[in-house]
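Coordinates in review
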Amino acid sequence: MIRNFIFWLSTKKGVTNAIAKRGMRYGFARRFIAGETLEEALEASGDLARSGYPINLNHLGENVSSKEEAAAVRDSYIEMLRKLDAAKMDGIISIKPTQLGLDLDPKLCQEFCCQIAEAAGSLGRIVEMDMEGTPYTDATLEIYEATQQRYPGQGVAIQSYLRRSERDIERLIALRPKIRLVKGAYLESPELAFQKKSEVDANFCRLIDLLLNHAVAGRCFPAIASHDPAMVEHARKGIAARKLERNRYEFQMLYGIRRDLQQQIHNEGHTMRIYVPFGTEWLPYFMRRVSERPANLWFILRNLVAENSRKRNAS
Ligand code: FDA
């Protein structure tokens, strides 16, 4: 219920404007977002990379409204790849189809994805596609398939809250995909998505097993992307039981979330890739993170109240 309330809150301009105006200036958005510029993101990534964490860099943004904007996003992704490479950082990038014009022209979006994958390949890197809300699931999978056929080795996110996800994995498996398994971050209807945490978690564990079985047979590369200790433990046990080599799977977590668990997994010798988001369009991403944990809402409110009392004291 709190999650629904926060999603509702995120449609209220007064609230989101206040957060957008103050979030970076007063620092509370920096807990989840590496900064507004690529330079800031590379600095944060550099610190992580030096500590042995490979990076998954994401330029925040979604649902662009013109083809020119989408082309500029493509260029910015190619620029990110070049800068990662110039910095000799162990890193890949994540892209969002609606940020590359999926709403406007799916064919053009597909072409842009292929161009980014080609640029990544020329630098020995890969691209992962984020999965957005269900209006985009089919189109995203089609674009992923087309890109993966031309430039093998790319990744795509699959959400365990969707009832269809097991079928989607089986459909993709012939392409030897990299699959980033996540729980799912959007508000979806009960017809399409499990609503209870216990159901989403049970499906996550089922899908971990499925992916690990395919990985043993060399048919996919799983990336387990969750901060939930129970999911991590299930994956750890499954990996050990199957004696899966360390270079045939990875864990992923979001920048700034459960750093203790990130370090623990890294210290155990697993690959722990950190998803590092940056950019001026950080608000929707930020609100999704807030909705996942009510304590984050109190964290923002405390910051806003502290700022107001600082202003009152100053005047
Ligand atoms: P869950 O929400 O059950 O949380 C488990 C525990 O993790 C919590 O008890 C808390 O300790 C900690 N935690 C989780 N979220 C937190 C937060 N925001 N702040 C503080 N602590 C938190 N989704 C999607 O729909 N499409 C996508 O492409 C991606 N991509 C993606 C990449 C990566 C690398 C990750 C880790 C996640 C995504 N997601 C995503 C988001 C994902 O779907 C999901 O919403 C979040 O990861 C939260 O779910 P958990 O698996 O962490 O479990």
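That block above? That's the structure.
Below: a short report on this structure. (Residues numbered from 1 in each chain as written. Predicted model: local features only at pLDDT ≥ 70, side-chain atom pairs only at ≥ 80, totals over all residues. Heavy atoms only, no water.)

Let's talk about the packing of aromatic side chains
Applying the stated criterion to the full structure yields three aromatic pairs. Residues Tyr 249 and Phe 251 carry aromatic rings whose centres are separated by 6.2 Å and whose planes lie at 90° to one another, so their mutual orientation is edge-to-face. Seen in terms of ring centroids, Trp 282 and Phe 286 are 5.6 Å apart; in terms of plane orientation they differ by 90°. Their pairing is edge-to-face. A residue is classified by how much of its surface remains accessible, and Phe 286, at 0% relative accessible area, is buried. Ring-pair connections join several aromatic residues into one group, and the members of that group are Phe 32, Trp 282 and Phe 286. Lying over the aromatic face of Tyr 285, Arg 289 brings its terminal NZ or CZ to 4.6 Å of the ring centre. (Phe/Tyr/Trp six-rings, centres within 6.5 Å; stacked < 30°, edge-to-face > 60°. Buried < 20%, exposed > 50% of the residue type's maximum accessible area, 1.4 Å probe, protein only. Lys NZ or Arg CZ within 6 Å of the ring centre and 35° of its normal.)

What about helix H8 (residues 197–216)?
Between the first and last C-alpha of H8 there are 28 Å, a value that for 20 residues agrees with the 28 Å anticipated at 1.5 Å per step. When H8 is considered as a whole, its buried residues turn out to be Val 200, Asp 201, Asn 203, Phe 204, Cys 205, Leu 207, Ile 208, Leu 210, Leu 211, Leu 212, His 214 and Ala 215. Check the buried side of H8 and you find it contacts helix H7 (165–172), strand E5 (178–182), strand E6 (221–225) and helix H9 (229–242). Positive phi shows up at Gly 218, right after H8, with a value of about 75°. (Helix = DSSP H or I, 4+ residues; strand = E, 2+ residues; numbered from the N terminus. Expected span 1.5 Å × (residues − 1). Contact = heavy atoms within 4.5 Å.)

Here we look at the side chain of Lys 178
Structurally, Lys 178 can be placed in strand E5. For Lys 178, the side chain forms a polar contact with the side chain of Glu 250, separated by 2.8 Å. Setting aside anything within four residues of it in sequence, one finds Lys 178 in contact with Ile 92, Ile 126, Glu 128, Tyr 144, Gln 154, Gly 155, Val 156, Phe 221, Ala 223, Glu 250, Gln 252 and Arg 273. (Polar contact = N/O pair within 3.5 Å; in protein donor to acceptor, adjacent residues only side chain to side chain.)

A few points about unusual backbone geometry
A positive phi is found at Asn 63, a non-glycine position, where the angle reads about 50°. Relative to the helices and strands, Asn 63 is located in the loop between strand E1 (55–59) and helix H4 (67–86). Phi at Arg 258 is positive, roughly 50°, even though this residue is not glycine. In this fold, Arg 258 is placed in the loop between strand E7 (250–254) and helix H10 (259–267).

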